[in-house]
Amino acid sequence: MASILAYDLGASSGRALLGRLTDNRIETEELHRFGNDPVQVGDRLHWDILRLYHELKQGLLKAKHQGVELSSLAIDSWAVDFGFLGSNGELLGNPYHYRDRHTDGIMEKLFAELPAEEVFSRTGIQFLSFNSIFQLYALKQANSPLLREAKRFLMIPDLLRYFMTGEQHNEFTNATTTQLYNPKLGNWDPDLLGKLGLSESLFGPVAQPGQRVGSLRTSLKEELGIASVPVYAVAEHDTGSAVVAVPALDRSFAYLSCGTWSLMGTEVEQPVISERARELNFTNEGGAYGTFRLLKNIMGLWILNECQREWERAGESYSFPELVRMSNLAEPLAAFIEPDDDLFLHPGDMPGRIRKYCERTGQKAPEGPGAIVRCILESLALKYRYVLELTEQLSGQSFNGLHMVGGGIKNKLLCQWSANAIGKPVWAGPAEGSAIGNLAVQWIAGGELSDIWEARKVIRDSFPVDAYEPADTERWQDAYDRFLTVTSLKRP
């Protein structure tokens, strides 16, 4: 039975998922799961990229030990971060983590030289302080030796593919997140690169999802004692892969990829690059098969994860199910935060910051883990409603519900509260959306599936989808009105 391998790397963990397609049904097996912890060195926060490569090798070894012959493999990961290769093809330093503070204040400095309106009109990408464009500009401003010596720019999946194959490719969906790719030109924007003082030679040809981009290099095959395996580009931004896996029945649908980040939007054929989209800070990231993802980033379960880490540091360890149970016992709809406030971007004392935000906005601060978790989850659900309404406005569509995919759907309270908040059904599944979307593009590339819509049908038939109907709508409407007031968000 033919098997393919999807590496799905998130901001806190990674996995190697084996996929088989039999009689139009997908079977998956998790071969390997591993942590992905950033490393603080002095004032800098890095990704441990060589450790990640080591874990990819472990996935190949486990496939070998199970007697699995792989017909292909592919990698997806988070966006915006990158590494450089030097003139000898070797990695120059560990890539910076997008939460590193070297981009603090850099957005305003760039806009003093290059108007925000021009950047958005060329790229259609929302402004986030850690976007690749700002990371590169920060390196430029610091006269970084990394940038001086760099010969090639590779994003995280590009870099790991390079380690595996020796081939250098930039993949489309991730390339668009850099805020240096012009969707109107269908390539890197030479004028933007020129104004930033970045050499065009740093950026290579852009590979599309489904394109074969090499095979395992000889030294890796010899090291592991394995045969050659074709390597494909997929929608290598993990959200792009998650959207491929949305089991939608209608061509017009809204999705929420729910994990460390929450990414909400819809799939469109052409990017929506308008002044209104810029004002609302929406983005137009590349998707699979000629599509774009009109969406907005929401801080997501990072806030909860960071609270959990802070309590552990204080000697109070709670499992995720324990925290969810405690939150369900806390007072409902008592206090709200704006998840995307800059206060919550960096690591640190997240429970203290939540209390500080509530006090600053005239609310009674939540006390104890249960109340804090409830505040986070309810605030996320209400922010989902806000962004869903904006998505409808920008896209000119009306959605009859919301598809939720990703690990966050294991939190059934969040799914139910999201349905309550939006006043529409929520369809949750599959949980491993990014990895399954990764597998689907490989099967399309290999001719096993005809197109993305057949893939979505097969995914819908292969994995359970839990439906959540809205409840307590009047109470949640009142909560939404209060949420908009305390967060100072303008009603759509």
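Rules of the game
Residues numbered from 1 in each chain as written. Predicted model: local features only at pLDDT ≥ 70, side-chain atom pairs only at ≥ 80, totals over all residues. Heavy atoms only, no water. Domains from an automatic or database assignment. Contact = heavy atoms within 4.5 Å. Buried area = accessible area lost by both parts, 1.4 Å probe. Salt bridge = Lys/Arg side-chain N within 4 Å of Asp/Glu carboxyl O. Polar contact = N/O pair within 3.5 Å; in protein donor to acceptor, adjacent residues only side chain to side chain. Helix = DSSP H or I, 4+ residues; strand = E, 2+ residues; numbered from the N terminus. Nonpolar A, V, L, I, M, F, W, Y, C, P; charged D, E, K, R; others polar. UniProt positions renumbered as here; feature names shortened; annotations may be inferred. Buried < 20%, exposed > 50% of the residue type's maximum accessible area, 1.4 Å probe, protein only. Phe/Tyr/Trp six-rings, centres within 6.5 Å; stacked < 30°, edge-to-face > 60°. Lys NZ or Arg CZ within 6 Å of the ring centre and 35° of its normal.

Caption draft 1: Summary view of the domain arrangement of the protein chain. You can read the domains of the protein chain as domain 1 (3–236) and domain 2 (238–429 + 465–491). Centre-to-centre separation of domain 1 and domain 2, based on C-alpha positions: 26 Å. Contacts between the two partners involve 34 residues from domain 1 and, on the opposite side, 31 residues from domain 2. Buried surface at the junction of domain 1 and domain 2, both sides included, amounts to about 2400 Å², of which 56% is carbon and sulfur. For the domain 1 face of the interface with domain 2, the top three residues by lost area are Arg99, Phe120 and Gln126, together amounting to 30%. At the junction of domain 1 and domain 2, the tally comes to 1 salt bridge. A salt bridge links Glu117 to Arg278, with the shortest nitrogen-to-oxygen separation between them at 3.7 Å. Inspection of the domain 1/domain 2 interface yields 14 residue pairs in polar contact (both at pLDDT 80 or more). By residue number, the principal contributor to the side of domain 1 that touches domain 2 is helix α3 (residues 116–123), which donates 5 residues. Of the residues belonging to the side of domain 1 that touches domain 2, the class tally is 15 nonpolar, 10 polar and 9 charged.

Caption draft 2: Seen up close, the UniProt feature "domain: Carbohydrate kinase FGGY C-terminal" (unreviewed entry) in the protein chain. In the numbering used here, UniProt assigns the "domain: Carbohydrate kinase FGGY C-terminal" (unreviewed entry) feature to residues 254–445. Across residues 254–445, the secondary structure splits into 47% helix and 16% strand, with the terminal C-alpha atoms separated by 26 Å.

Caption draft 3: Up close: the pattern of salt bridges. According to the stated counting rule, one finds 33 salt bridges in the structure shown. Between Arg44 and Asp100 there is a salt bridge whose closest N-O contact spans 2.9 Å. Here the residue Arg44 occupies a position in strand β5 (residues 44–46), and Asp100 occupies one in the loop between β7 (82–85) and α2 (106–113), the gap between them amounting to 56 residues. Residue classification places Arg44 among the partly exposed positions, given a relative accessible area of 25%. With a relative accessible area of 3%, Asp100 lands in the buried category. Here Arg161 and Glu236 are joined by a salt bridge, their closest N and O atoms 2.8 Å apart.

Caption draft 4: Molecular detail of the environment of Ala233. Within the fold, Ala233 resides in the loop between β14 (230–232) and α10 (238–244). For Ala233, a relative accessible area of 0% gives the class buried.

Caption draft 5: Spotlight on the packing of aromatic side chains. What the rule picks out here adds up to 24 aromatic pairs. With 6.3 Å between their ring centres and 50° between their planes, Tyr98 and Trp261 make a pair best called tilted. Remark: Trp261 occurs in the loop between β15 (254–258) and β16 (262–268) and Tyr98 occurs in the loop between β7 and α2; sequence separation between them is 163 residues. Accessibility assignment for this pair places Tyr98 and Trp261 in one class, buried. Taken together, a centroid distance of 4.9 Å and an interplanar angle of 45° make the contact between Phe153 and Phe203 tilted. Taken together, the residues span a long stretch of sequence, with Phe153 in strand β8 (residues 152–155) and Phe203 in the loop between α8 (190–195) and β12 (206–207) at a distance of 50 residues. In this structure, Phe153 and Phe203 share a single accessibility class: buried. Ring pairing ties together the aromatic residues Phe82, Phe84, Phe153, Phe172, Tyr181, Trp188, Phe203 and Phe292, which thus form one cluster. Its guanidinium or amino end placed over the ring of Tyr96, Arg44 lies 5.7 Å from that ring's centre, counting from NZ or CZ. Cation over ring: Arg217 sits above Tyr162, and NZ or CZ is 5.5 Å from the ring centre.

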